[in-house]
Amino acid sequence: MLAGERGYAAIRRLPGIGPVLGAVICAEIGDITRFRNPGQLASWAGLTPRHYESDTRVIRGRVSKQGSRMLRWALVEAIQRAPAGTKPRQVKDAIIARRGADARGIAKTAAARIMLTQVFYGLRDGHIRRAISQAV
């Protein structure tokens, strides 16, 4: 069903996303035009930190997990299969190097948000608009 979709073909070019994960991501997101920017998509997917604010006190918590559980799963699976040298993988490796091996889950989530940004542009434009392998 997704064979003729430009967005599906574009996100399949991202490292770590194959035909099954690409189909899951497309099916869970649906119509990409309902999101104005990648931040809204990340918030909808539950990949943004909780934010509590009262007067001068601001607390940033864990990710909200308020969105599609299947989408978060697909992105984390794609991150685990992304080859070294890609932008999401570099983000993941940098966080693990900085915070230690106990922060693997945090690193995967942060890298998943980076990949979701790339997915947003791929679905919206029909091609990947920025270089996939960039030096950090």
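Residues numbered from 1 in each chain as written. Predicted model: local features only at pLDDT ≥ 70, side-chain atom pairs only at ≥ 80, totals over all residues. Heavy atoms only, no water.

**Q** Which residues make up the pattern of salt bridges, and what are the values?
**A** Pairs can form between side chains of opposite charge once their charged atoms are near each other. The tally for this structure, following the rule as stated, stands at three salt bridges. Between Arg89 and Asp93 there is a salt bridge; the shortest N-O distance is 3.4 Å. Of the two residues, Arg89 and Asp93 both sit in helix α5 (residues 87-99), four residues apart, roughly one turn of that helix. Arg89 gets classed as partly exposed once you look at its relative accessible area, which sits at 23%. For Asp93, a relative accessible area of 34% translates into the label partly exposed. Across the pair Arg124 and Asp125 runs a salt bridge, and its minimum N-O distance is 2.8 Å. Assessed through its relative accessible area of 41%, Arg124 is described here as partly exposed. (Salt bridge = Lys/Arg side-chain N within 4 Å of Asp/Glu carboxyl O. Helix = DSSP H or I, 4+ residues; strand = E, 2+ residues; numbered from the N terminus. Buried < 20%, exposed > 50% of the residue type's maximum accessible area, 1.4 Å probe, protein only.)

**Q** Tell me what's going on with the nonpolar core, and back it up with residues and numbers.
**A** Judged by nonpolar contacts, the single largest core of 30 residues is most densely connected at Ile17, Ile25, Ile29, Leu75, Leu116 and Val119. Listing elements by their share of this core, those giving two or more residues are α1 (6-12), α2 (19-29), α3 (38-45), α4 (69-81) and α6 (104-125). The element that contributes the greatest number of residues to this core is α6, accounting for eight residues. Setting aside residues no more than four positions away along its own chain, Leu116 makes contact with Ile29, Leu41, Ala42, Ala45, Leu47, Leu71 and Leu75. (Core = buried A, V, L, I, M, F, W, Y, C linked by side-chain atoms within 4.5 Å. Contact = heavy atoms within 4.5 Å.)

**Q** Describe the packing of α2 against α4, naming the residues involved and giving the relevant values.
**A** One way to put it is that α2 packs onto α4 with a least axis distance of 9 Å and a crossing angle of 150 degrees. As the angle between them shows, α2 and α4 are arranged roughly antiparallel. With respect to the hand of their crossing, α2 and α4 are arranged in left-handed fashion. Across the interface between the two elements, Leu21, Val24, Ile25, Glu28 and Ile29 from α2 touch Met70, Leu71, Trp73, Ala74, Leu75, Glu77 and Ala78 from α4. (Axes fitted to C-alpha atoms, helices over the stretch in contact; angles between N-to-C directions. Parallel < 35°, antiparallel > 145°, perpendicular 65-115°, else oblique. Left-handed = near helix turned anticlockwise from the far one by under 90°.)

**Q** Go over the packing of aromatic side chains, please, and point to the residues and values.
**A** Inspection of every chain in the model, using the stated rule, returns two aromatic pairs. Geometrically, the ring pair formed by Phe35 and Trp44 is tilted, given 5.4 Å between the ring centres and 55 degrees between the ring planes. Of the residues examined, Phe35 reaches a relative accessible area of 9% and is grouped as buried. Taken together, a centroid distance of 5.2 Å and an interplanar angle of 75 degrees make the contact between Phe120 and Tyr121 edge-to-face. Judged by its relative accessible area of 0%, Phe120 is buried. Exposure remark for Tyr121: the relative accessible area of 16% places this residue in the buried category. The side chain of Arg34 reaches across the aromatic face of Trp44, ending 4.9 Å from its centre. (Phe/Tyr/Trp six-rings, centres within 6.5 Å; stacked < 30°, edge-to-face > 60°. Lys NZ or Arg CZ within 6 Å of the ring centre and 35° of its normal.)

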